[in-house]
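Below, each chain spelled out in residue letters.
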Amino acid sequence: MITKGTWYILGNGIYFEENEIELLPYLKIRKINKLSVFELAGLGAKGFKQWSLVEPFCYLQNTFEIVSSENESTFGYDILNRAWLVNTLFVLRNKTSINSVALLNRSWNNLKDPENIQAGLCDYHVNMIQLKTLQEIKIENTDIDWIKKHFEVANTLAYKYEKFRYSIEVINSWRYCVDIKSAIAIIWAAIESIVDVSTEITYRLSLSISSLLRERGEERVLKFKEIKSLYGLRSKVVHGSNIKETETEKALVGSFSLLAELVIFMIENNKMINDEDFQTAIFK
């Protein structure tokens, strides 16, 4: 684990108006100037062998860096993984185009005369599943305020609970699946892990989640029907049934949104959902 210093994670796919936004004293997002191919090649000469994979980002808009520094926390994610968590929380806010590309021990705005360079690729994939209905690009003040308020809660829950950690990993990683079918499958694996039912799955899962997320009444009934329909679509997609492309995309959007809603519920309530929570929600 990297525990010292400051690291700069090159990213792309979101837009914010300010040059720099402080999320926490040890976490910032900052716009970077247009990258130079010649300066990237200079990093290559200093040992960053994968520099050519970063070259396409020289020609893209909305390029930024996450600045992650050492802090006093003795548990949870380390410096680089805290940057990953920031990335994931933006995905949770429907900024699904965000992409963390590469890490560097100096700012990507300062690549001249590279000395003592440490660099590498992050969780970077050439291809991502991208759906217009989930591609909010602009960072709003509400997004920043939410992340400021809840970052350390998410960090602590991830440290304490494997199921929560798995859920936020899926929130980020479904975008890198080879197809929508695979993405839907891993999203529902995370949902089923949270609910933890093994019999009468469609009914019990729909009842449990709708009871947890909605108050008793018409809204709960509608949520129950929505989840039950989503699970039906999930089953058709995963089992290879012949359904329209629009229905497949609908299943992915709905499945991601449902998992995101559960994760947000846990973060905002600072707790890992358990069987007692579902039982209380159903029978209270």
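See the structure above.
Anyway, here's the lowdown on the structure attached to this text. Since this is a predicted model, take the numbers as computed values, not measurements.

**Some details on helix H4 (residues 141–160)**
Working step 1: End to end, H4 covers 29 Å across 20 residues, agreeing with the expected 28 Å (1.5 Å per residue, within 8%).
Working step 2: The sharpest bend along H4 comes to roughly 50°, located at His 150.
Working step 3: Buried positions along H4 lie against strand E2 (20–24), strand E3 (27–31), helix H3 (79–92), helix H5 (162–173) and helix H9 (245–269).

**Structural notes on the pattern of salt bridges**
Working step 1: Going through the model one piece at a time under the given rule, you end up with 13 salt bridges.
Working step 2: Among the salt bridges present, the one from Asp 143 reaches Lys 95, with a minimum N-O distance of 3.0 Å. In this pair, Asp 143 sits in helix H4 while Lys 95 sits in the loop between H3 and strand E5 (99–104), placing the two residues 48 residues apart along the sequence. Note on accessibility: Asp 143 and Lys 95 belong to one class, buried.
Working step 3: Through salt bridges with shared partners, one network takes in Arg 93, Lys 95, Glu 136 and Asp 143.

**A few points about the packing of H3 against H4**
Working step 1: Packing of H3 against H4 brings their axes to within 10 Å, and their N-to-C directions diverge by 125°. Classified by the angle their axes make, H3 and H4 are oblique. Considering the relative orientation of H3 and H4, their crossing is right-handed. For the pair formed by H3 and H4, the contact residues are Arg 82, Leu 85, Val 86, Leu 89, Phe 90 and Leu 92 on the first element and Ile 144, Trp 146, Ile 147, Phe 151, Ala 154 and Asn 155 on the second.
Working step 2: In terms of residue class, the contact of H3 with H4 is made up of ten nonpolar, one polar and one charged.

Parameters and conventions
Position numbers for residues count from 1 along each chain, tracking the sequence in the order it is written. Local features in this predicted model are restricted to residues of pLDDT 70 or higher, and side-chain atom pairs are both shown and tallied only at a pLDDT of 80 or more, whereas totals for entire chains, interfaces and linings draw on every residue. The basis for every side-chain value is the complete set of heavy atoms in the structure, and neither hydrogens nor water enter the calculation. A helix here means a DSSP run of H or I that spans at least four residues, while a strand means a run of E at least two residues long, and both kinds are numbered starting from the N terminus. The length a helix should cover is 1.5 Å for every residue beyond the first. A residue's bend is the angle separating two fitted axes: one through the seven residues that end there, the other through the seven that start there. Any two residues whose heavy atoms approach within 4.5 Å at even a single point are treated as in contact. Each reported salt bridge corresponds to a side-chain nitrogen of Lys or Arg within 4 Å of a carboxyl oxygen of Asp or Glu. Only protein chains enter the calculation, and the probe is 1.4 Å; a residue is then buried if its accessible area is under 20% of its type maximum, exposed if over 50%, and partly exposed in between. Angles here are taken between N-to-C directions and fall from 0 to 180 degrees, while the axes themselves are lines fitted to C-alpha atoms, restricted in helices to the stretch in contact. In these notes the angle categories are as follows: under 35 degrees is roughly parallel, over 145 is roughly antiparallel, 65 to 115 is roughly perpendicular, and the rest is oblique. Left-handed describes a crossing whose near helix is turned anticlockwise from the far helix by less than a right angle; the clockwise case is right-handed. The nonpolar class holds Ala, Val, Leu, Ile, Met, Phe, Trp, Tyr, Cys and Pro. Asp, Glu, Lys and Arg form the charged class, and all remaining residues, Gly among them, are polar.

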